[in-house]
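# Summary of the model geometry
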Amino acid sequence: MRPLVALLPVLLAACATTQSALSGDDVGTVAQAAQSCSDGTNTIDGEFPGSGFARCEVLGKGWFRLSIEPEDAKVTNCSAWYAFRALGKRADTITVDLDYASCGHRYQPKIGLPGKGWERLDPDAVELRTVGDLRNARLTVPVDTTARILAGQELLLPDAYDSWLDKLTANPLASRAELGKSAQGRSIDRLTIAAATPAPEQVVLVGRQHPPEVTGGLAMIAFVERLLEEDDLAKAYRARFTTQVVPLLNPDGVVNGHWRHATGGVDLNRDWGPFTQPETRLMRDMLEGIEADPNAKLRLFLDFHSTRYDTIYTLLPEMETDPPGFLPAWLADYAARLPDYDVRVEPGHNPDLPVSKAWVHDRFGVPTATYEIGDETDRALIRRLGRAAAEAMMAAMLAADHAPE
Ligand SMILES: [Zn+2]
């Protein structure tokens, strides 16, 4: 074990291009106990933000077993996150069994190659093995003297959002502020996109309530960047609407490698109504603040997520919204911008299920939707989808029948 300890600073430095270490304002610590195991030649560890496994065992030379468990017993959603780091004394392959405590294997492994970003692990390197009623996975993992991270999705950590927000705020139309703190004291940021004279009508976007939902986060990044471009559509939109973006509502869950929850044992997107968690209370207070401001008017709310396929959860068609007609106009324009792509829409409304879409609509009367991207949707397509959704949103909001007082 001693060589590993000596190597850790090197590993962190080596991985800086594919995942970032805790930044200065990440005052919380990684919740899992430090975990690592080594066969003397190859080492697996979880000592990085976003790591996800409960235990590591050596089963033989070059053969490891990782126990994959949810963060608490109340997790019911099968988004079985895993992430580990592998290192060898020479270039080789090792076998890593992912043994699930529940739910079974969902995410196709991604591998972070230092200096090269992320790619999907060769599908031939993934053998699914059914044990009882669980689907476990056996991975053949390339190791080298430079550590690689294997994870259910590419890591999209608080530091990456921090850099992204910094980059966006080079544009004078974008500004950032701390909306508040997570339960573990991490910053939850708000980006505001506004013209020089801020428009009173407000569009609110939120992302990453659920930690593993990286693909929804990637779509949101593309969506937001589109709002800042200098074409006529974006200029007209910004002249009329101010956009408030909370891209990472659950930094604690992301850093701790959770499947679903923040640190309070609660699904944040089942807490819009009870508001038992500090993260959801920040969103409530922001939205109520807009409502209470005589110079502001909430007009639209979109929540970005991931699931097994691309879909958009909307309100029921007969539900009234102000502005009226936004959702069908947005979806029709979105589909028109993507002629080679089938837009899937799932209308629904359960007022007893305390999700953001229902609560924001029922409280403020505005159109709301949950924009979902598939776990394995092609990353270049995600970028196109995010941009098209933003363009269609801007066009539909500009065309919607508005009656702000
Ligand atoms: Zn979600």
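Here's a quick rundown of the structure. (Residues numbered from 1 in each chain as written. Predicted model: local features only at pLDDT ≥ 70, side-chain atom pairs only at ≥ 80, totals over all residues. Heavy atoms only, no water.)

## Description of the overall build of the protein
Counting its secondary structure elements, the protein contains 9 helices and 19 strands. Overall, the protein is about 70 × 45 × 40 Å in size when its C-alpha atoms are taken along their principal axes. Every one of the 405 residues in the protein was classed for burial, and the buried ones make up 56%. Across the protein, the fraction of contacts at a sequence separation of at least 24, relative to all contacts at a separation of at least 6, is 76%. Accessible surface for the protein amounts to roughly 16000 Å². Of this, 52% is attributable to carbon and sulfur atoms. Measuring between centres, the 41 positive side-chain charges of the protein sit 4 Å from its 57 negative side-chain charges. (Helix = DSSP H or I, 4+ residues; strand = E, 2+ residues; numbered from the N terminus. Buried < 20%, exposed > 50% of the residue type's maximum accessible area, 1.4 Å probe, protein only. Contact = heavy atoms within 4.5 Å. Areas by Shrake-Rupley, 256 points an atom, 1.4 Å probe, with all protein chains shown as cover. Lys, Arg positive; Asp, Glu negative; His and termini not counted. Charge placed at Lys NZ, Arg CZ, Asp CG, Glu CD.)

## A word on the coordination of the zinc ion
At this site the zinc ion is bound by His 210 (ND1), Glu 213 (OE), Glu 213 (OE) and His 305 (ND1), with donor distances of 2.0 to 2.5 Å. One can describe the donor arrangement at the zinc ion as irregular, given that its 4 donor atoms subtend angles of 56 to 148° at the metal. In terms of primary sequence, the donors binding the zinc ion are separated according to H-x2-E-x91-H. For His 210, a relative accessible area of 2% translates into the label buried. Glu 213 sits in the buried class, given a relative accessible area of 6%. (Donors = N, O, S within 2.8 Å, 3.2 Å for Na, K, Ca; no water. Tetrahedral: all angles 85-135°; square planar, octahedral: opposite > 155°, others 65-115°.)

## Let's talk about the sheet that holds strand β10 (residues 134–143)
In space, the 5 strands of this open sheet follow the order β3-β4-β6-β10-β9, with mixed pairing throughout. A single partner strand is all that each edge strand has here, and the edge strands are β3 (55–60) and β9 (126–131). Neighbour to neighbour, the strand axes of the sheet diverge by 25° on average, direction disregarded. Here strand β4 (residues 63–68) runs beside strand β6 (residues 92–100); their pairing, made up of 6 bridges, is parallel. (Pairing = 2+ DSSP bridges. Axes fitted to C-alpha atoms, helices over the stretch in contact; angles between N-to-C directions.)

## Quick look at the nonpolar core
Core analysis: the biggest nonpolar cluster contains 85 residues, and Phe 84, Trp 330 and Met 393 have the highest contact counts within it. When residues of this core are assigned to their parent elements, the largest contribution, 10 residues, is made by helix α9 (residues 379–399). No fewer than three residues from each of domain 1 (2–151) and domain 2 (158–399) sit in this core. Non-local contacts of Phe 84, meaning those with residues more than four positions away in its chain, are made with Ile 44, Asp 45, Phe 48, Phe 53, Leu 66, Val 96, Leu 98, Leu 139, Val 141, Arg 148, Ile 149 and Leu 150. (Core = buried A, V, L, I, M, F, W, Y, C linked by side-chain atoms within 4.5 Å. Domains from an automatic or database assignment.)

## Considering the pattern of salt bridges
For the structure shown, the criterion picks out 32 salt bridges. Put simply, Glu 288 and Arg 363 hold a salt bridge, and the shortest N to O gap is 2.7 Å. Pair noted here: Glu 288 is in helix α6 (residues 278–292) and Arg 363 is in helix α8 (residues 356–364), with a separation of 75 residues, a long-range link. The salt bridge involving Asp 322 is made with Arg 299; its shortest N-O contact spans 3.6 Å. You can see Asp 322 sitting in the loop between β17 (311–314) and α7 (326–336) and its partner Arg 299 sitting in strand β16 (residues 297–307), a full 23 residues away along the chain. The exposure class of Arg 299 is buried, given its relative accessible area of 0%. Ionic contacts of the salt-bridge type, sharing partners, join the residues Arg 226, Glu 229, Asp 231, Asp 333, Arg 337, Arg 387 and Glu 391 into one network. (Salt bridge = Lys/Arg side-chain N within 4 Å of Asp/Glu carboxyl O.)

## A look at helix α3 (residues 214–227)
Spanning 14 residues, α3 covers 20 Å between terminal C-alpha atoms, matching the ideal 20 Å at 1.5 Å per step. Counting buried positions along α3 yields 13 of 14 residues, so the element is predominantly enclosed. (Expected span 1.5 Å × (residues − 1).)

## Regarding the sheet that holds strand β1 (residues 36–38)
Judged by pairing direction, the sheet is antiparallel, and its 6 strands sit side by side in the order β1-β2-β5-β11-β7-β8 without closing on themselves. Edge strands, defined here as strands with exactly one partner in the open sheet, are β1 and β8 (117–120). Along the sheet, successive strands turn relative to each other by an average axial angle of 25°, direction set aside. Summarising the sheet, strand β7 (residues 110–113) and strand β11 (residues 148–151) pair through 3 bridges and their orientation is antiparallel. Within β11, the position partnered with Lys 110 by the bridge is Ala 151.

## Side note on the state of the cysteines
Counted by the stated rule, this structure contains 2 disulfides. Here Cys 37 engages in a disulfide with Cys 56; their sulfurs sit 1.7 Å apart. In this pair, Cys 37 sits in strand β1 while Cys 56 sits in strand β3, placing the two residues 19 residues apart along the sequence. Overall, Cys 56 belongs to the buried group, its relative accessible area being 16%. (Disulfide = S-S within 2.5 Å.)

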